[in-house]
Amino acid sequence: MSVPGVTTTITGIDSLEVLHQNLQIAQNFTPMTEAEMNALRERCKPAAADGRYELYKLSLKFDNPEARLAHGFPLDTQQSEVQDMLGATENTGHPFPEKKF
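As a convention, each chain's residues are numbered from 1 in the sequence order in which they are written. Per-residue local features of the predicted model are confined to residues with pLDDT of at least 70, and side-chain atom pairs are confined, for both listing and counting, to 80 or more; whole-chain, interface and lining totals are unaffected and use all residues. To get the side-chain values, take all heavy atoms of the structure and skip hydrogens and water.

A. Focus on the pattern of salt bridges. In the sections that follow, a salt bridge refers to a side-chain nitrogen of Lys or Arg positioned within 4 Å of a carboxyl oxygen of Asp or Glu. The final tally for this structure, using the stated rule, is two salt bridges. Where E34 meets R41, a salt bridge forms, and the shortest distance between an N and an O atom there is 3.9 Å. Note on classification: 1.4 Å probe, protein chains only; a residue is buried when its accessible area is under 20% of the maximum for its type, exposed when over 50%, partly exposed between these limits. According to the relative accessible area criterion, E34 is exposed, its value standing at 54%. K45 is paired through a salt bridge with E42; the nearest N and O atoms lie 3.1 Å apart. Residue K45 and its partner E42 are located together in helix α2 (residues 34-48), separated by three residues, close to a single helical turn. Only DSSP runs of H or I reaching four residues or more are called helices, and only runs of E reaching two or more are called strands; each is numbered from the N terminus.

B. The arrangement of the side chain of S2 in detail. By the element assignment, S2 lies in the segment before α1 (16-27). Under this definition, polar contacts are N or O atom pairs within 3.5 Å; protein pairs additionally need one hydrogen-donor-capable and one acceptor-capable atom, and for neighbouring residues in sequence, both atoms have to be side-chain atoms. There is a polar contact of 2.7 Å between the side chain of S2 and the backbone nitrogen of M32. The contact rule is simple, with two residues in contact once any of their heavy atoms fall within 4.5 Å. Residues contacting S2, with those up to four places away along its chain left out, are F29, P31, M32 and M37.

C. Spotlight on the environment of F29. As for its placement among the helices and strands, F29 is situated in the loop between α1 and α2. Between the C-alpha atoms of F29 and S2, which are 27 residues apart in sequence, the distance is 9.2 Å. With residues near it in sequence (within four places) discarded, F29 still touches M1 and S2.

D. Examining a nonpolar patch on the surface more closely. Put simply, a patch holds well-exposed residues, over 30% relative accessible area, that have no salt bridge, with like charges counted together within 9 Å and Val, Leu, Ile, Met, Phe, Trp or Tyr side chains within 5 Å. Here the Shrake-Rupley method, with its probe set to 1.4 Å, supplies the accessible areas, and only the displayed protein chains count as covering residues. Together, M1, I25 and F29 make up an exposed nonpolar region whose accessible area comes to about 270 Å². By the secondary structure assignment, M1 is in the segment before α1. Residue classification places M1 among the partly exposed residues on the basis of a relative accessible area of 46%.

These values are about where atoms sit, not about what they do.
What follows is the structure, given as structure tokens:
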């Protein structure tokens, strides 16, 4: 909540106790100082630099093959959705054929 421009913070609430805890945190919140923010950025920099924790942004594994084709991006032919799509021999009106088990 210390990042400039944050106007909304979303939290999970699965009980009345958690609601009260979240309200107490919000009511007593004190923003980090500029020095604290800079120290946090420096501590996070090595892990944040290469995307190793955000594979959904970097990996073909999480991309919809139809969206990749629309942009001319390569497909991961090992992905089950791509294999289903490439295995389709007729247009059924559905983006992917029904799986046959």
